[in-house]
Amino acid sequence: MQIPVWLDWEWWHRMGINDWPEGERPREKLLHRGSASLSDAELLAIFLRTGVRGKSAVDLARDLLGRFGNLTKLFAASEKDFCEIHGMGQAKFVQFQAVLELSRRALHEEMEVGDALNSPGAVRDYLQLLLRGREQEVFMVIFLDAQHRVTASEELFSGTLTQTSVYPREVVKRALYHNAAAVIFAHNHPSGMAEPSQSDRMLTDALKQALSLVDVRVLDHFIVAGVTCLSFAERGML
């Protein structure tokens, strides 16, 4: 039995997106079915807007995902690696970075609206967007006031693939600078393993002790590893 031409996926690839059935074009599909109905490649295609000679925007999006493995690694790509993809360039790289920064700021605003402890999803989303996919360990602190509202967040230390040196004295200085009543710590594990090491636990205890001397509470310590965001507080480790 011969497959109708409009059901032949290879035929669709040879066509421009404008020649696709209207209900399957990424933009129209988003408008009629919602953004969640689109694949990663289709969402990227909307961002890219156009393809290159012989490839639709969706094909180009698939090339990007194939080259980097997933969205996280794509958005964490260096300018050099990104621009090596045919059809990409500095302008598209800048656009990608702008989209990421807008997302970070939107999540930061969401955290600032109310009690951070009552918005654990926003805190996790913010930390994952900020730390997931980083190739070196990064240690950051979210500073909160007495009502647990976010007043600032800073990346204080960065290190190698496997470790970061964190100095309690510097953390205390930044907490006092921001007049913080409480803090939330976070760092990433580039290895993808979220389980806290013995040194992670010892560091958390040392920071708690140092901050307690200036009446600053430690509310949580998150470890971001891949799609996981582990909470010390939920594990009963604080």
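Below is a short write-up of the structure. (Residues numbered from 1 in each chain as written. Predicted model: local features only at pLDDT ≥ 70, side-chain atom pairs only at ≥ 80, totals over all residues. Heavy atoms only, no water.)

The next thing to look at is the environment of Asp 81. Along the chain, Asp 81 turns up in helix α6 (residues 79-83). Along the primary structure Asp 81 and Phe 68 are separated by 13 residues, whereas in three dimensions their C-alpha atoms are 9.2 Å apart. What Asp 81 contacts, discounting residues up to four positions off in sequence, is Arg 67 and Phe 68. (Helix = DSSP H or I, 4+ residues; strand = E, 2+ residues; numbered from the N terminus. Contact = heavy atoms within 4.5 Å.)

The subject of this paragraph is the environment of Ile 85. Tracing the backbone shows Ile 85 in the loop between α6 and α7 (90-113). Separated by 18 residues in sequence, Ile 85 and Arg 67 place their C-alpha atoms 8.3 Å apart. Beyond its immediate sequence surroundings of up to four residues, Ile 85 is in contact with Leu 64, Arg 67 and Phe 68.

Attention now goes to the packing of aromatic side chains. Evaluated as defined, the whole model comprises six aromatic pairs. Both rings, one in Phe 47 and one in Phe 96, keep their centres 4.5 Å apart while their planes meet at 85°; by these two values the pair is edge-to-face. In this pair, Phe 47 is assigned in helix α3 (residues 40-48) and Phe 96 in helix α7, connecting sequence segments 49 residues apart. We classify Phe 47 as partly exposed; its relative accessible area is 22%. Ring pairing ties together the aromatic residues Phe 47, Phe 82, Phe 93 and Phe 96, which thus form one cluster. We note Arg 67 situated over the ring of Phe 68; from NZ or CZ to the ring centre the distance is 4.7 Å. The lysine or arginine in question, Arg 174, covers the ring of Tyr 177, its NZ or CZ lying 4.4 Å from the ring centre. (Phe/Tyr/Trp six-rings, centres within 6.5 Å; stacked < 30°, edge-to-face > 60°. Buried < 20%, exposed > 50% of the residue type's maximum accessible area, 1.4 Å probe, protein only. Lys NZ or Arg CZ within 6 Å of the ring centre and 35° of its normal.)

As a further point, take the nonpolar core. Residues Leu 48, Leu 64, Leu 74, Phe 82 and Met 88 are the most contacted members of the largest nonpolar core, which totals 18 residues. Apart from residues lying up to four places away in sequence, Leu 48 is in contact with Ala 57, Leu 60, Ala 61, Leu 64, Met 88, Lys 92 and Phe 96. (Core = buried A, V, L, I, M, F, W, Y, C linked by side-chain atoms within 4.5 Å.)

For a regular strand, side-chain orientation follows a simple rule: the groups alternate between the two sheet faces. Counting buried residues along strand β1 (residues 138-144), seven of its seven residues qualify, which places the element largely inside the surrounding structure. By the alternation rule, side chains of β1 split into Val 138, Met 140, Ile 142 and Leu 144 and Phe 139, Val 141 and Phe 143, which are all buried. Relative to strand β2 (residues 150-158), β1 is paired through seven bridges, and the arrangement is antiparallel. Counterpart to Val 141 in the pairing with β2 is Glu 154. From the end of β1 to the start of β2, which pair antiparallel, there are five residues, and His 148 there has a positive phi angle of about 65°. (Pairing = 2+ DSSP bridges.)

At a minimum axis separation of 9 Å, helix α2 (residues 26-33) and α3 run at an interaxial angle of 115°. Comparing the axis directions of α2 and α3 gives the class roughly perpendicular. In the crossing of α2 with α3, the sense of the turn from one axis to the other is left-handed. Listed contacts from α3 to Pro 26, Arg 27, Lys 29 and Leu 30 of α2 are Glu 42, Leu 43 and Ile 46. The residue makeup of the contact of α2 with α3, split by class, is four nonpolar, no polar and three charged. (Axes fitted to C-alpha atoms, helices over the stretch in contact; angles between N-to-C directions. Parallel < 35°, antiparallel > 145°, perpendicular 65-115°, else oblique. Left-handed = near helix turned anticlockwise from the far one by under 90°. Nonpolar A, V, L, I, M, F, W, Y, C, P; charged D, E, K, R; others polar.)

The subject of this paragraph is the packing of α3 against helix α4 (residues 57-68). For the pair α3 and α4, interaxial distance at closest approach is 8 Å and the crossing angle is 115°. Along this stretch, α3 crosses α4, giving a crossing that reads as right-handed. Side by side, α3 and α4 meet where Asp 40, Ala 41, Leu 44, Ala 45 and Leu 48 of the first sit next to Ala 57, Val 58, Leu 60, Ala 61, Arg 62, Leu 64 and Leu 65 of the second. Among the residues making up the contact of α3 with α4, the classes are represented as ten nonpolar, no polar and two charged.

A separate point is the sheet that holds strand β5 (residues 228-231). Adjacent strands of a sheet pair through backbone hydrogen bonds, lying either parallel or antiparallel. Within the open sheet, the five strands sit side by side as β2-β1-β3-β4-β5. Their pairing is mixed. Each edge of the open sheet is held by one strand with a lone partner, namely β2 and β5. When the angles between neighbouring strand axes are averaged without regard to direction, this sheet yields 20°. The sheet contact formed by strand β4 (residues 217-225) and β5 spans four bridges and is antiparallel. Along β5, the bridge assignment pairs Ala 225 with Thr 228. Packed on one face of the sheet, helix α9 (residues 168-177) meets β1, β2 and β3 (182-188) and runs near 160° to β2.

In this section: the environment of Val 218. The residue Val 218 is located in strand β4 in this model. C-alpha of Val 218 to C-alpha of Phe 185: the two residues are 33 residues apart in sequence and 7.8 Å apart in space. The contact partners of Val 218, leaving out residues within four places of it in the chain, are Val 183, Phe 185, Lys 208, Leu 211 and Leu 238.

Everything listed here is a matter of coordinates, which is why it stays silent on function.
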